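Each chain, written out:
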Amino acid sequence: MNFWEFVSSTHQQLLTDAYQHASAVFQCMVVATVLGVLIGVATYRSEWAGNLATLTTSTILTIPSLAMIGLLIPVVGLGVPPTVIALTLYGLLPVVRNSIVGLRGVDPTLVDAAKGIGMSRAARLLRIELPLAWPPILTGIRVSTQMLMGIAAIAAYASGPGLGNEIFRGIASLGSANALNQVLAGTLGIIVLALLFDAAYVLIGRLTIPRGIRA
Amino acid sequence: MPETPDISGTPRTAQGSEAAAGGPGRSGAATDSGGADASAAHGKTGATIELENLTKQYPGSAAPAVDSVNMEIKAGEIVIFVGPSGCGKSTTLKMINRLIEPTGGRIRIAGEDVTDMDPVKLRRKIGYAIQASGLFPHMTVARNIALVPKMVGWPKSKIAARVEEMLDLVGLDPGEFHGRYPRQLSGGQQQRVGVARALAADPPVLLMDEPFGAVDPITRDHLQDELIRLQRELHKTIVFVTHDFDEAIKLGDRIAVLRERSRIAQFDTPEAILTNPADDFVSGFVGAGAALKRLNLTRVRDVEITEYPTVKIDDPLQDVFDKLRSGSTNEILLLDRRGRPYKWLRRGDLMRAKGSLARAGTLVADTVTRDATLRDALEAVLTDNTGRVAVTGRRGEYEGVVDMETLMNSVHELLEADRLDAIEHQHHLEEVRAHQTHADQEGDGGGARA
Ligand SMILES: Nc1ncnc2c1ncn2[C@@H]1O[C@H](COP(=O)(O)OP(=O)(O)O)[C@@H](O)[C@H]1O
Ligand SMILES: [Mg+2]
């Protein structure tokens with residue numbers, strides 16, 4: 001059986017895995033984005049708090065993903081929970097870092113102007129600072145998503161959902177007829193998903209970055 | 001004070017006050033003698049500002065950046081803070097809208113103590129324009145201008161109309177600029193929009209911190225002229241910070257020359273500061289060429305603008321010939337289709353150009369508006385080398401000319417008047433001193449009387 005025959009014979013399973021993979025990454029990214037931006041907003045104005053947030057999230061990122069999932073299993077069990085927690089934690093760093101950098105990078109004279117014309121603290125944040133910091137934040141989200149695509153594959157180790165299952169099954173049955181095809185299908189599937197997500201981000205950027213500050 | 005509007009005064013349109021304006025050009029002329037009454041008659045919308053022992057001590061610095069400033073700013077006047085860099089001008093200004101919280105003293109606007117008022121509410125009633133415009137790059141021109149009216153809760157339709165009105169007021173075509181983003185504007189246009197935004201909700205007070213500091217000199221000159229025109233229509237109370245004394249002279253009804261820690265070295269009209277600087281610090285700041293600077297204090301509207309023979313570019317050639325031949329002057333002014341000065345035509349020019357108006361004559365190099373200073377006018381006369389300069393209206397249309405002779409006469413009169421003023425001032429000082437000495441001498445025996 002060549003690769004294409006393998007794909008067409010198992011496409012049902014592949015599509016299910018791909019869908020679950022994408023869905024897991026997407027949902028964890030939403031949570032990571034909300035948390036990450038909130039952490040950024042809470043810490044960007046203080047030198048030490050901002051640095052602490054960046055340091056903490058980057059420390060999380062240095063933990064090998066397999067180890068992280070391994071550590072989570074005894075605490076939260078198998079399946080979806082360790083996957084979601086791990087992905088969300090890994091997804092935080094780029095979002096937090098870019099939120100802080102983006103918010104700190106807003107021209108202080110603009111903040112001064114916003115204050116000067118009578119905008120409240122909340123209005124300043126929501127209508128001036130966050131929109132101006134949005135392009136770097138979106139870049140952070142994009143980087144996070146790419147990273148999570150790969151890391152999500154490891155989730156299969158904890159019986160999590162996604163294309164990692166194809167890869168792990170292939171590796172487990174190495175030497176059998178379709179082992180290589182299976183690994184290849186899982187890997188290519190992740191690459192295709194990553195490209196699709198990236199295209200979606202380009203579109204989101206077009207739609208959400210105001211024309212006045214688009215590069 | 002019945003004529004002092006409440007700081008939360010209701011918005012009024014620029015057109016409304018324009019109609020009511022149109023008195024003497026410089027409201028400064030009225031500041032000496034009950035200026036408040038005079039400008040009330042012109043539909044004033046400004047409010048008084050009083051600073052009382054206003055002090056700012058930044059944490060961690062030994063001396064205060066602003067040390068006990070006392071100042072009364074009248075409704076409807078432009079007061080300029082001028083002084084060397086770092087003397088505390090911006091700090092003083094930003095305490096008025098509490099962008100910087102004072103560490104001591106009080107601020108009263110329209111008689112109301114605002115030192116402890118909610119700063120966000122306060123700032124919505126005070127226009128604020130800064131260097132490099134401070135426009136938000138992610139919002140269109142229209143959205144930038146609409147910000148404050150939105151925050152104070154104007155209805156949508158009124159805001160839309162107001163945005164158009166403000167663009168028109170600062171000399172930008174609403175249709176063209178409405179939907180643009182700040183980066184699609186030149187520096188001067190951005191600054192205009194910045195002023196439009198500051199004025200959008202019709203605040204009685206406008207604070208400007210070196211608003212024209214970042215634009216090229218020619219644009220700056222235009223913006224200054226525009227501000228003068230605007231102010232004649234609106235009568236806001238404007239506090240304007242600059243380190244450029246010439247700008248201060250040109251714009252100010254009164255100038256506060258500030259020294260370190262925002263101490264007031266002199267607070268007076270430009271005329272008085274030029275002719276009677278209080279001390280060496282002020283003289284140093286006035287700099288050389290006080291006589292030339294004096295030219296900045298008088299505007300074209302204050303001197304005689306004379307009629308001049310003109311022809312329109314569409315007029316039949318015969319008319320042009322006739323006018324040239326019959327006229328008392330040997331030169332006429334050719335206007336374009338929109339009535340704007342286009343070319344100077346001398347006798348013989350047409351002949352040489354074989355009767356073609358397109359080729360005949362010399363292009364008008366420079367024109368001035370009624371708001372231009374005599375210095376601008378003099379410069380234009382010198383560059384145009386016709387011995388006169390055309391005066392134009394708001395849309396560039398021809399209104400008359402000012403010639404060299406008029407300028408020279410005005411300058412002589414001005415300098416003479418200043419000289420008399422200075423002498424009178426001197427007399428006055430001597431009298432006061434003599435009076436004091438007299439009183440001192442009588443002081444011993446006069447204690448019981450007092
Ligand atoms: N946030 C601040 N913290 C400490 N010192 C300041 C701060 N802002 C201004 N200063 C100091 O206060 C003085 C006055 O500053 P400023 O009002 O900006 O002067 P100006 O506008 O006249 O150039 C300067 O010596 C400046 O260094
Ligand atoms: Mg300053």
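Quantities reported herein were computed from a predicted structural model and do not represent experimental measurements. (Residues numbered from 1 in each chain as written. Chains lettered and ligands numbered in written order. Predicted model: local features only at pLDDT ≥ 70, side-chain atom pairs only at ≥ 80, totals over all residues. Heavy atoms only, no water.)

Quick word on the sheet that holds strand E14 (residues 362–363) of chain B
Residues and elements named next belong to chain B.
- Taking strand neighbours across the sheet as the criterion, the four strands line up as E11-E12-E13-E14 in an open arrangement whose pairing is mixed. Of all strands in the sheet, those bounded by a partner on one side alone are strand E11 (310–312) and E14.
- When E11 meets strand E12 (residues 331–335), the two strands line up parallel, connected through three bridges. Residue pairing for E12: Val311 is matched across the bridge by Leu334. (Pairing = 2+ DSSP bridges. Helix = DSSP H or I, 4+ residues; strand = E, 2+ residues; numbered from the N terminus.)

A few points about the UniProt feature "domain: ABC transmembrane type-1" (unreviewed entry) in chain A
- Those places that UniProt annotates as "domain: ABC transmembrane type-1" (unreviewed entry) correspond, in this numbering, to residues 18–201 of chain A.
- Across residues 18–201 of chain A one finds 84% helix and 0% strand; the C-alpha atoms that close the span lie 19 Å apart. (UniProt positions renumbered as here; feature names shortened; annotations may be inferred.)

Here's the deal with the environment of B:Gln441
- Assignment of secondary structure puts B:Gln441 in helix H17 (residues 404–446).
- Along the chain, B:Gln441 and B:Lys323 lie 118 residues apart, while their C-alpha atoms are 76 Å from each other.

Observations concerning the site of ligand 1
All names here are of chain B.
- With respect to spatial proximity, the complete set of residues near ligand 1 consists of Tyr58, Ala65, Pro84, Ser85, Gly86, Cys87, Gly88, Lys89, Ser90 and Thr91.
- Within the backbone of Cys87, one N or O atom sits 3.2 Å away from an oxygen atom of ligand 1.
- When the free accessible area of ligand 1 is taken as 570 Å², the share hidden by the protein chains comes to 54%.
- In terms of residue class, the shell around ligand 1 is built from four nonpolar, five polar and one charged. (Near = heavy atom within 4 Å. Polar contact = N/O pair within 3.5 Å; in protein donor to acceptor, adjacent residues only side chain to side chain. Areas by Shrake-Rupley, 256 points an atom, 1.4 Å probe, with all protein chains shown as cover. Nonpolar A, V, L, I, M, F, W, Y, C, P; charged D, E, K, R; others polar.)

Examining the interface of chain A and chain B
- Taken together, the 20 residues of chain A in the interface contact 23 residues of chain B.
- Here chain A packs against chain B, burying approximately 2000 Å² in sum over the two surfaces, 62% of which is carbon and sulfur.
- The tally of links from chain A across to chain B stands at one salt bridge.
- For A:Asp112, the salt bridge identified is with B:Lys94, shortest N-O distance 3.9 Å.
- Linking chain A with chain B are six residue pairs in polar contact (both at pLDDT 80 or more), by the criterion used here.
- Those elements that provide at least two residues to the side of chain A that touches chain B are helix H6 (108–116) and helix H7 (121–154) of chain A.
- Ranked by residue count, the leading element in the side of chain A that touches chain B is H6(A), at seven residues.
- Grouping the constituent residues of the side of chain A that touches chain B by class yields 10 nonpolar, five polar and five charged. (Contact = heavy atoms within 4.5 Å. Buried area = accessible area lost by both parts, 1.4 Å probe. Salt bridge = Lys/Arg side-chain N within 4 Å of Asp/Glu carboxyl O.)

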